[in-house]
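Close look at the chain arrangement
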Amino acid sequence: MVTPIEQRFMDKHQGSADRHEKAKDLFPDGVTHDARRQHPFQLYYTHAIGPHKFDVDGNRIIDYWSGHGSLILGHSHPAIVDAVQNQIAKGTHLSGSTDLEIQWGQLVRELIPSAEKVRFHSSGTEADMMALRMARAYTGKTKVIKFQEHFHGWSDYVAVGSAGIGGIPKETLSTMIVLPPNDISVVENTLKENKDVAAVILEPTGAHMGLEPILPSFLHELREVT
Ligand SMILES: Cc1ncc(COP(=O)(O)O)c(C=O)c1O
């Protein structure tokens, strides 16, 4: 049964409803990213400026999602549009080094002073996979501790501990240890009992973009015990 609020949503978003019908045949669940699945259908947008997105039916929507958290300056910020337009005319993949990469690396190190060296990757998933491999290679150990529901991308290793993920070999799963966050005694005991831990990985702000926050004291304690 369609509820009054659903009916109102459908009436206001007929253009999105039509597009969803086409997309259902093309993409799994009609979406191109799992997190965009919405009931009864997701919206289709034409453009976005600052804090607003505009959909195909002409509705203006306040954007609380901000590019899955990545657009910290809002949509289409003039300085970013300028920089991208300038660079695209000069080439984007020079298969060589540039002054910009040095500036970028220095800025990353300013933001994260504990980063001794910087390596760029094309996605967070890939960066985390490489970080785990490096920790395993450096320590000669195999296991990695992660925390329940913390997200580190889609690779087989770190997907353990999240709901509804199949298709991961048990051999891979057996190299991961999933612990509850915010309890340092559990981490300490695990490290005492297990001498094969190469690394501990976590979302320092907590699972689900900080919706399940990490206590600042836990971060300090974790640094001490590792
Ligand atoms: C903490 C964290 N690690 C890893 C990732 C994976 O990044 P990507 O989607 O670029 O693979 C994300 C993405 O949201 C993230 O929030």
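The sections below set out a description of the structure shown in this document. The model shown is predicted, which means the values in this text are computed figures rather than measured ones.

**Some thoughts on the packing of helix H8 (residues 184-193) against helix H10 (residues 216-225)**
- Their axes nearest at 10 Å, the elements H8 and H10 cross at an angle of 15 degrees. Relative to H10, the element H8 is oriented roughly parallel. Where H8 crosses over H10, the two elements pack in a sense that is right-handed. Touching Ile184, Val187, Glu188 and Leu191 of H8 are Phe218, Glu221, Leu222 and Val225, all from H10.
- Across the contact of H8 with H10, the residue classes break down as six nonpolar, no polar and two charged.

**So, the pairing of strand E2 (residues 52-55)**
- Residue alternation in E2 divides its side chains into two sets, His52 and Phe54 and Lys53 and Asp55, and both sets are buried.
- Two strands pair when backbone bridges link them, and strand E1 (residues 45-49) and E2 are joined in this way by four bridges, in the antiparallel orientation. In the strand pairing of E2, Ile49 is matched with His52.
- Linking E1 to E2, which pair antiparallel, is a turn of two residues; within it Gly50 sits at a positive phi near 55 degrees.
- In this sheet, strand E3 (residues 60-62) lies alongside E2 in antiparallel orientation, the contact comprising three bridges. Each bridged residue has a counterpart across the sheet, and for Phe54 the counterpart in E3 is Arg60.
- Connecting the antiparallel pair E2 and E3 is a turn made up of four residues, with Gly58 showing a positive phi of about 85 degrees.

Calculation notes
Residues numbered from 1 in each chain as written. Predicted model: local features only at pLDDT ≥ 70, side-chain atom pairs only at ≥ 80, totals over all residues. Heavy atoms only, no water. Axes fitted to C-alpha atoms, helices over the stretch in contact; angles between N-to-C directions. Helix = DSSP H or I, 4+ residues; strand = E, 2+ residues; numbered from the N terminus. Parallel < 35°, antiparallel > 145°, perpendicular 65-115°, else oblique. Left-handed = near helix turned anticlockwise from the far one by under 90°. Contact = heavy atoms within 4.5 Å. Nonpolar A, V, L, I, M, F, W, Y, C, P; charged D, E, K, R; others polar. Buried < 20%, exposed > 50% of the residue type's maximum accessible area, 1.4 Å probe, protein only. Pairing = 2+ DSSP bridges.

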